[in-house]
Amino acid sequence: MASGSRSYSIASFALVTVLAALSAATPPRMLTFGMLALGPALAAASASPPAVLAIGAYAVTAAFAISTWQGLLGTLDQSLRLLVMIAVILISLALARHHRRLLASSAEAGKEREMLAAFAEQSSDAVVGSALDGTITSWNGGAERLYGYTADEIVGCNVRRILPPERLDLLDHTFAELAAGREIHLDEVRRIRRDGSSVTVSVAVSPIRDPTGAIVAVAATERDVTDKKRRARAERMESLGQLAGGVAHDFNNLLAIIVNYADMMADEVTPDGARDLARIRDAADRAGALTSQLLLFAKREPTQVETVDLNTVVADAQELLGRSIGGRIRLACRTHPRPVTVRANRGRLDQILMNLVINARDAMPDGGDVTITTGLNTFAELTVTDTGAGMTAEVRERLFEPFFTTKPVDRGTGLGLSTVYGIVSDAGGHIRVDSEPGSGTTFEILLPLVPAAAPALSAGTSS
């Protein structure tokens, strides 16, 4: 700004000097000394009021001197032209002040834009800008960390690249809403990272307007809420576990009384009465099995653990699982070439496999494929994948709650997956679910890995 101001001031001074020389060389009747008013007018572009005043004073002084030398002192022509020059100087002064304010405002706005750009770049949230057709135009560091794409890789691509299949049909409607000037806020939506994994984010999308007020782009701020959602679910499951454990413990005590009295009365009743007591005992035993599952979910069942190779568990269970799912479903087991050893209860690992495979079978009434794999990473991995109907986000959210089921009343108690959750949690592991309607379901179980050479001890107990 200072350099430009000096340039205009120098040019104005030079212009007045040249015009003064030309005026002095022309005949007095041409009255060319009035042209010196062009100097202050040019100086207005400098946005420097002092420069305009200085050039104006120089121009008026030169015009007065030239016109006086030409014999025009005190004439109407001299007075009128000098008054016009003074008016031009005042107008130029006002223009210079206005121009100065505009430049200052523009510089301030530029600093604010630079600061906002720096804030956006350093934000831990993903800040993504796009055109109204979904083409990505800006991608900050938070977006790189969240999604795994660099700005060079993703700018110019469509936002569809990070959207899951279930949201693609809504994209046109979303951009239509934004083009109409509406903001969009979503608390929990799924996005797809570069490696194909899912992440849950909260999203705030706003339309961007140009100086005329027309909407030309959109900006989205996206925050990873996966851990928050996981913690909330863990807290909810913990609360449910405490409730279920307390109910199951008290109910077990009542069942024990019922069973004991049934056994005591067995020798004192008629044959018909004995059959009725047997039915009571059978119902009590089934109720006891349900409370055992609840206690597993609540992690209140003592567990005898040993070092177990998941490859062996899968191989040994393959024949039984194959018979359990029927002929229309194909079962494939793919075990890791190296031992995948964990510290867990062998019977409960079998229970996990059975529950997950039966769950997969029920999701494929017309047949399909179930694949069981083991793997080694930071954790020992056990994965069960089916090609069934899949499930909605609402179902996934409540999947492990006791007694929650989408099956008919006569086909399930809603305790199978809650039992799996309790066993995995008790073993210090985690369970993840990836499923979309029509796209099948994958259960991934991660258990703490132990060295394969660890001795197969079975005395450990946890509760």
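Residues numbered from 1 in each chain as written. Predicted model: local features only at pLDDT ≥ 70, side-chain atom pairs only at ≥ 80, totals over all residues. Heavy atoms only, no water.

Caption draft 1: Molecular detail of the confidence of the model for the chain. In this model, the chain carries a mean pLDDT of 81, and residues with pLDDT of at least 70 account for 81%. Put simply, strand β13 (residues 460-462) is where the chain has its lowest mean pLDDT, 38, and strand β10 (residues 380-386) is where it has its highest, 93. In this model, residues 454-463 is a region of pLDDT below 50 whose contacts with residues beyond four sequence positions or in other chains number 26 contacts. (pLDDT = per-residue confidence, 0-100. Helix = DSSP H or I, 4+ residues; strand = E, 2+ residues; numbered from the N terminus. Contact = heavy atoms within 4.5 Å.)

Caption draft 2: The arrangement of the sheet that holds strand β7 (residues 329-334) in detail. If you trace the five strands from one edge of the open sheet to the other, you get β7-β9-β10-β12-β11, paired in mixed fashion. One side of each edge strand has no neighbouring strand; the edge strands of this open sheet are β7 and β11 (430-435). In this sheet, neighbouring strand axes are inclined to one another by 10 degrees on average, regardless of whether the strands run parallel or antiparallel. Two elements, β10 and strand β12 (residues 441-447), share seven bridges in a ladder whose sense is antiparallel. Looking at the pairing, V384 lines up with F443 of β12. Along the sheet, helix α11 (residues 310-325) makes contact with β7, β9 (368-376) and β10, crossing β7 at roughly 175 degrees. Against the sheet, helix α12 (residues 346-362) touches β7, β9, β10 and β12, its axis set at about 170 degrees to β12. (Pairing = 2+ DSSP bridges. Axes fitted to C-alpha atoms, helices over the stretch in contact; angles between N-to-C directions.)

Caption draft 3: Up close: the side chain of S435. Turning to its location among the elements, S435 is positioned in strand β11. The exposure class of S435 is buried, given its relative accessible area of 2%. Here the side chain of S435 touches M391 through a polar contact of 3.0 Å, landing on its backbone nitrogen. Ignoring any residue separated from it by four or fewer positions in sequence, one finds S435 in contact with G390, M391, R396, G440 and T441. (Buried < 20%, exposed > 50% of the residue type's maximum accessible area, 1.4 Å probe, protein only. Polar contact = N/O pair within 3.5 Å; in protein donor to acceptor, adjacent residues only side chain to side chain.)

Caption draft 4: Just the packing of aromatic side chains, in detail. Within the structure shown, the criterion is met by two aromatic pairs. When the ring of F13 is compared with that of Y58, the centres are 4.7 Å apart and the planes differ by 20 degrees; the resulting orientation is stacked. You can see F13 sitting in helix α1 (residues 2-25) and its partner Y58 sitting in helix α3 (residues 49-69), a full 45 residues away along the chain. Of the residues examined, Y58 reaches a relative accessible area of 28% and is grouped as partly exposed. An angle of 40 degrees between the planes, with centres 5.7 Å apart, marks the rings of W139 and Y147 as tilted. Y147 carries the same exposure label as W139, and that label is buried. (Phe/Tyr/Trp six-rings, centres within 6.5 Å; stacked < 30°, edge-to-face > 60°.)

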